[in-house]
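Next come the chains, spelled out residue by residue.
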Amino acid sequence: RAPPLLSDCSPPGTPSVVFAEEVCSVTLVHPDQEVVCKTRDFWTALGRGDTPVLHHTDLYHMPFEDNTFDLVWNFDSIPLFSHPARFLAEMERVSRHLVMVILPNPRNVGYPVHRLLMKMQGTKSVWGSPRWMESGRVRKVLEGMGREVSSTGLVDMPPWPRFYGPHTPGTR
């Protein structure tokens, strides 16, 4: 039996492909129907069209029983939630064993430039709250729920073309 895994599907579920290739039974969920459609197309193109990609608008109340998945994980969207701790609690609820969170790295070479540009433009960052990009905050919430945090570390990525924001010349 393949271990069941729940993931968000951003950017269209690509980080979960490695789990599917290792014979995990992957389920993806996202609140945006357009993202869900693109994600289904992506997984179908990989020959994995039977992978469940679910549209569910309320990620604070996911449509799964308690302890459904061996691993529940989220790639870089925790800072985007209005109530990140509530979402982490929901991830914990549906996980039987492991919760994994990958946060954007605010120390990434491009992020300070992004923050400065957003400040100069008087706009909010499309990457969410920098307070929730700190692993210590997420760790404290998970430990408060009784989860043992086995490790923390950094996963760095280059600044993407639209990293600086949609109003930056040359990034459209």
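The structure displayed is predicted, hence computed values, not measured ones. (Residues numbered from 1 in each chain as written. Predicted model: local features only at pLDDT ≥ 70, side-chain atom pairs only at ≥ 80, totals over all residues. Heavy atoms only, no water.)

Draft legend 1. Representation of the layout of surface pockets. Of the volumes computed, that of the second largest pocket is approximately 670 Å³. Lining the second largest pocket are 27 residues, with Met100, Val101, Val149, Ser151 and Thr152 sitting closest to its centre. Elements with a minimum of two residues in the lining of the second largest pocket: strand S5 (95-102) and helix H5 (135-144). Counting residues per element, the lining of the second largest pocket draws most heavily on S5, which supplies six residues. Its residues assigned to classes, the lining of the second largest pocket shows 15 nonpolar, seven polar and five charged. (1 Å grid on protein atoms, 1.4 Å probe; cavity = no way out; pocket = protein on both sides within 12 Å on 5 of 7 lines; lining within 4 Å. Points joined across faces, edges and corners; volume = space filled by probe spheres on them. Helix = DSSP H or I, 4+ residues; strand = E, 2+ residues; numbered from the N terminus. Nonpolar A, V, L, I, M, F, W, Y, C, P; charged D, E, K, R; others polar.)

Draft legend 2. A look at the pattern of salt bridges. Scanning all chains against the criterion turns up six salt bridges. Of the charged contacts in the structure, one is a salt bridge between Asp66 and Arg93, with a shortest N-O distance of 2.7 Å. Remark: Arg93 occurs in helix H3 (residues 84-94) and Asp66 occurs in the loop between strand S3 (53-55) and strand S4 (69-75); sequence separation between them is 27 residues. Take Arg93: its relative accessible area is 24%, and that puts it in the partly exposed class. (Salt bridge = Lys/Arg side-chain N within 4 Å of Asp/Glu carboxyl O. Buried < 20%, exposed > 50% of the residue type's maximum accessible area, 1.4 Å probe, protein only.)

Draft legend 3. Seen up close, helix H4 (residues 111-121). By the burial criterion, the buried members of H4 are Tyr111, His114 and Met118. What you see down the axis of H4 is that its buried residues fit within an arc of 55 degrees, all on one side. Facing away from the buried side of H4 by more than 90 degrees, the exposed set consists of Lys119 and Met120. Two residues or fewer past H4, Gly122 is found with a positive phi of approximately 70 degrees. (Arc of directions from axis to C-beta.)

Draft legend 4. A look at the nonpolar core. Ranked by internal contacts, the top residues of the largest apolar core, which has 19 residues, are Met62, Ile78, Phe87, Leu88, Met91 and Val138. When residues of this core are traced back to their parent elements, those giving at least two are S4, H3 and H5. At four residues, the largest contribution of residues to this core is made by H3. Those residues in contact with Met91 that lie beyond four places of it in its chain are Met62, Val72, Trp73, Asn74, Ile78, Val99, Met100 and Val101. (Core = buried A, V, L, I, M, F, W, Y, C linked by side-chain atoms within 4.5 Å. Contact = heavy atoms within 4.5 Å.)

Draft legend 5. How the structure looks around the environment of Val17. Position of Val17 relative to the elements: it lies in helix H1 (residues 17-21). Classification of Val17 by relative accessible area gives buried; the value is 12%. Each C-alpha atom, one on Val17 and one on Trp43, is 8.5 Å from the other, the two residues being 26 residues apart in sequence. In contact with Val17, other than residues within four places in its own chain, are Phe42, Trp43 and Leu46.

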